[in-house]
Amino acid sequence: MISIQALLIAGLVLVHLFAARLRLMDSAPRSRWLSMAGGISVAYVFMHVFPELAGAQERVGANFSAVPWLENHVYLVALIGLIVFYGLERMVKRSQKQENSNPADAGTTTSVGVFWLHISSFTIYNALIGYLLVHREEQDLRGLLFFAVAMGVHFLVNDYGLRRDHKQTYQQIGRWVLSIAIVLGWLLGLATSVSSAFVDVLFAFLAGGVVLNVLKEELPEERESRFWPFVIGAAGYTVLLLV
C-alpha cells in the first residue's frame, strides 16, 4: 500500500500548493464549494471517526490504565483538540486587532510571533494527518481513499482560512511548511510503529481539531456561508460512507 499512500500524500500536498489558484474559492459571499468541503469533512468525522473512537475505548483503557481520566474518556481528547484550536483562533483574532489600527484593514495581518505559532500548530496537525494515513485501523484501498478525500477537502477549508488570516506571509512561507509537514508525518509513520491505543488518542485529537476548524469557517456571520451546499456535502459523503 506504500505506493498508493505516496500518491495520496502527493495529492494532499498539491491541495496546499495550488489552492490559491482556485479563484472560485475567494468569491463573496463564501464559495459554495468551500461550504460543501466543510460539510464533507464534518460528515467524515461524525460518521466514521467518532464511531471508530467508540470502539477505541477498550484499547485505550487497556494501554493507559495508569491515567484514570484517559482510561474511560477518549472523547475528552477530541474535546482537547477542539479547545486547543479554538484558543489558537482567538489568539489570531486578538493579534489582528492589535496589528491593524486602521479599521478598514482589520483582519488582514497578524504579528510574526502569532503567525509562527499558528503555522506551527497546523504543522503538527498536518504531520498527524500524514502519520495517520499509515497507521489508520482501515488500511484497505477504500478506507485510505475516504480518509484522503475528506482530509483533502478539509485542507481546502484550512488553506482558505490561513490565507485570509496571514495573507502573503502564508502564501510565501506557510503553505510550503504545511506541505512539507504532510510528507514528514507520512515518512515518520512508515519508520515507526506505535500501539493502536496511542493511534486512537491521536485520531481523537485530530477529530476535535477538524470539527473546530470547519465550524469556525462556517458559523461566523461575516463569512456569509452557504447552508445548503454544506448540507449537500455532509449528506452526500454520509451516504457514501454508509454504502
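Heads up: the structure comes first, above all this text.
Here we summarise the structure given alongside this text.

Cut-off values and rules
Residues numbered from 1 in each chain as written. Predicted model: local features only at pLDDT ≥ 70, side-chain atom pairs only at ≥ 80, totals over all residues. Heavy atoms only, no water. Helix = DSSP H or I, 4+ residues; strand = E, 2+ residues; numbered from the N terminus. Buried < 20%, exposed > 50% of the residue type's maximum accessible area, 1.4 Å probe, protein only. Contact = heavy atoms within 4.5 Å. Phe/Tyr/Trp six-rings, centres within 6.5 Å; stacked < 30°, edge-to-face > 60°. Expected span 1.5 Å × (residues − 1). Arc of directions from axis to C-beta. Salt bridge = Lys/Arg side-chain N within 4 Å of Asp/Glu carboxyl O. Core = buried A, V, L, I, M, F, W, Y, C linked by side-chain atoms within 4.5 Å. Axes fitted to C-alpha atoms, helices over the stretch in contact; angles between N-to-C directions. Parallel < 35°, antiparallel > 145°, perpendicular 65-115°, else oblique. Left-handed = near helix turned anticlockwise from the far one by under 90°. Nonpolar A, V, L, I, M, F, W, Y, C, P; charged D, E, K, R; others polar. Patch = residues over 30% accessible without salt bridge, like charges linked within 9 Å, V, L, I, M, F, W, Y side chains within 5 Å. Areas by Shrake-Rupley, 256 points an atom, 1.4 Å probe, with all protein chains shown as cover.

1. Structural notes on the overall build of the protein chain
Part 1: Each helix and strand counted, the protein chain has 8 helices and 0 strands in total.
Part 2: N-terminal to C-terminal, the α/β element order of the protein chain is α-α-α-α-α-α-α-α.
Part 3: The buried share of the protein chain, reckoned over its 243 residues, is 51%.
Part 4: Counting contacts in the protein chain only where the partners sit at least 6 residues apart, residues at least 24 apart contribute 81% of the total.

2. Details of the packing of aromatic side chains
Part 1: Tallied over the full model, the rule gives 11 aromatic pairs.
Part 2: Relative to Y75, the ring of F50 lies with its centre 6.2 Å away and its plane at 80 degrees, an arrangement referred to as edge-to-face. In this pair, F50 sits in helix α2 (residues 32–63) while Y75 sits in helix α4 (residues 74–99), placing the two residues 25 residues apart along the sequence.
Part 3: Through a chain of ring-to-ring contacts, three or more aromatic side chains come together here, namely F85, F122, Y125 and F205.

3. Brief notes about helix α8 (residues 227–242)
Part 1: In a regular helix each residue adds 1.5 Å, so 16 residues correspond to 22 Å; α8 covers 22 Å between its end C-alpha atoms and thus fits that length.
Part 2: Along α8, the residues that are buried comprise P229, F230, G233, A234, Y237, T238 and L241. End-on view of α8: buried residues confined to an arc of 165 degrees, all on one side of the axis. Facing away from the buried side of α8 by over 90 degrees, the exposed positions are W228, V239 and L242.

4. Focus: the pattern of salt bridges
Part 1: Within this structure, the stated rule accounts for 6 salt bridges.
Part 2: One salt bridge in this structure joins K93 and E89, with 3.5 Å as the shortest N-O distance. Taken together, the residues K93 and E89, both in helix α4 and 4 residues apart, mark about one turn of the helix. Of the two residues examined, K93 and E89, each falls in the buried class.
Part 3: Of the charged contacts, one joins D165 and R164 as a salt bridge, the two residues approaching to 3.7 Å between their closest N and O atoms.

5. Let's talk about the nonpolar core
Part 1: Grouped together as the largest cluster of nonpolar side chains are 62 residues, with contacts concentrated most on Y44, L132, F147, M151, L206 and Y237.
Part 2: Mapped by element, the contributors of at least two residues to this core are α1 (2–18), α2, α4, α5 (112–135), α6 (141–191), α7 (196–218) and α8.
Part 3: Element by element, the count of residues in this core is highest for α6, at 16 residues.

6. Some remarks on unusual backbone geometry
Part 1: A positive phi angle, near 50 degrees, is found at K167, a position not held by glycine.
Part 2: Here K167 lies in helix α6.

7. Structural notes on the packing of α5 against α6
Part 1: Between α5 and α6, the shortest axis-to-axis distance is 3 Å and the interhelical angle comes to 15 degrees. Relative to α6, α5 is oriented roughly parallel. Here α5 runs over α6; the crossing is right-handed.
Part 2: Grouping the amino acids of the contact of α5 with α6 by side-chain chemistry returns 25 nonpolar, 12 polar and 1 charged.

8. Some details on the packing of α1 against α6
Packed helices, taken two at a time, are described by the angle between their axes plus the distance between the axes.
Part 1: Viewed as axis vectors pointing N to C, α1 and α6 meet at an angle of 20 degrees, and their least axial separation amounts to 8 Å. Viewed along their axes, α1 and α6 adopt a mutual orientation that is roughly parallel. In terms of crossing hand, the pair formed by α1 and α6 is right-handed.
Part 2: Residue classes in the contact of α1 with α6 are distributed as 23 nonpolar, 4 polar and 2 charged.

9. What about the side chain of H135?
Part 1: Examined against the element boundaries, H135 turns out to sit in helix α5.
Part 2: On the basis of relative accessible area, H135 is assigned to the buried category, the value being 18%.
Part 3: Setting aside its immediate chain neighbours within four residues, H135 contacts G189, T192, S193, V194 and V199.

10. Concerning a nonpolar patch on the surface
Part 1: A contiguous nonpolar surface patch, about 460 Å² in accessible area, is contributed by I2, I180, L184, L187 and L190.
Part 2: Of the residues forming the nonpolar patch, the biggest block, 4 residues, is contributed by α6.
Part 3: Inspection of the secondary structure assignment puts L187 in helix α6.
Part 4: Taking the relative accessible area as the measure of exposure, L187 reaches 41% and is therefore partly exposed.

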